[in-house]
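Analysis of the macromolecular model
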Amino acid sequence: TDEVAGQYITTYDIRMTAPNQEPALAPSAIHTIEHLVATFLRNNEQWKDSIIYWGPMGCLTGNYLIIKGQYPCEEIRDLMLLAFQYVVDYDDVVPGTTPATCGNCLLHDLPMAKYESKRYIQRLKESFCCEYPGVERPTDLNGKQFFDA
């Protein structure tokens, strides 16, 4: 959680696969998940005014959710259950997938997005963690710290 202009901003780590233990998500699947979950979040009456950002991690193991305010992980888990069920149930043209609205409009795979969303829902039901212990940041030869996000 960070404070910006007197308001809390919280980044949640929505990790769909175990880093370096499970395969990363297919780029086309996570891209479709990005479009659908962002659409869900930004249209959800309860959450739309709190959503700052939803998008994939560069390592393709999950997504970042940035929200105004601070919420317990259980509340975020419930929101993610709704969001990923939206992906599973979605049966139309993926929104924002034209050349005018997407920088890589051919990189989408709705069936695989549904498959990965079903897997993640099962993981959410079994266990959920959106806070991870910090690790010491590595530095380069010049002493600059590494930051991945």
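Everything below is about the structure shown above.
In what follows, the accompanying structure is described. Predicted model, so just to flag it, every value in this text is computed and none were measured.

**Focus: the packing of helix H1 (residues 27–43) against helix H3 (residues 110–126)**
Close contact between H1 and H3 brings their axes to 8 Å; oriented N to C, the two are set at 80°. What the angle tells us is that H1 and H3 run roughly perpendicular. Contacts between H1 and H3 involve Ala29, Thr32, Ile33 and Leu36 on the former and, on the latter, Leu110, Met112, Ala113, Glu116 and Ser117. Here the residues of the contact of H1 with H3 are counted per class, giving six nonpolar, two polar and one charged.

**Side note on the packing of aromatic side chains**
Using the criterion set out here, one finds five aromatic pairs in the structure. Aromatic pair phenylalanine 40 and tyrosine 86: ring centres 5.4 Å apart, planes at 40°, arrangement tilted. Note that phenylalanine 40 is positioned in helix H1 and tyrosine 86 in helix H2 (residues 73–89), a separation of 46 residues in sequence. According to the relative accessible area criterion, tyrosine 86 is partly exposed, its value standing at 27%.

Analysis parameters
Residue indices begin from 1 for each chain and proceed along its sequence in written order. This being a predicted model, a pLDDT of at least 70 is required before a residue's local features are given, and a value of 80 or more before pairs of side-chain atoms are given or counted; all residues contribute to the totals for chains, interfaces and linings. Only heavy atoms go into the side-chain values, all of them from the structure, while hydrogens and water stay out. What counts as an axis is a line fitted to C-alpha atoms, over the stretch in contact for a helix, and the angles between N-to-C directions run from 0 to 180 degrees. Helical segments are the DSSP runs of H or I of at least four residues, strand segments are the runs of E of at least two, and each set is numbered from the N terminus. Under this scheme an angle from 65 to 115 degrees is roughly perpendicular, one under 35 degrees roughly parallel, and one over 145 degrees roughly antiparallel; angles in between are oblique. A contact between two residues is defined here by any heavy atoms of the two lying within 4.5 Å. Under this grouping Gly is polar, as are all residues other than the nonpolar Ala, Val, Leu, Ile, Met, Phe, Trp, Tyr, Cys and Pro and the charged Asp, Glu, Lys and Arg. Classification of ring pairs uses Phe, Tyr and Trp, with its six-membered ring standing for Trp, and accepts pairs whose centres are within 6.5 Å; under 30 degrees between planes counts as stacked, over 60 as edge-to-face, and the remaining range as tilted. Residue burial is assigned from relative accessible area. The probe radius is 1.4 Å, only protein chains are included, and a residue is buried under 20% of its type maximum, exposed over 50%, and partly exposed in between.

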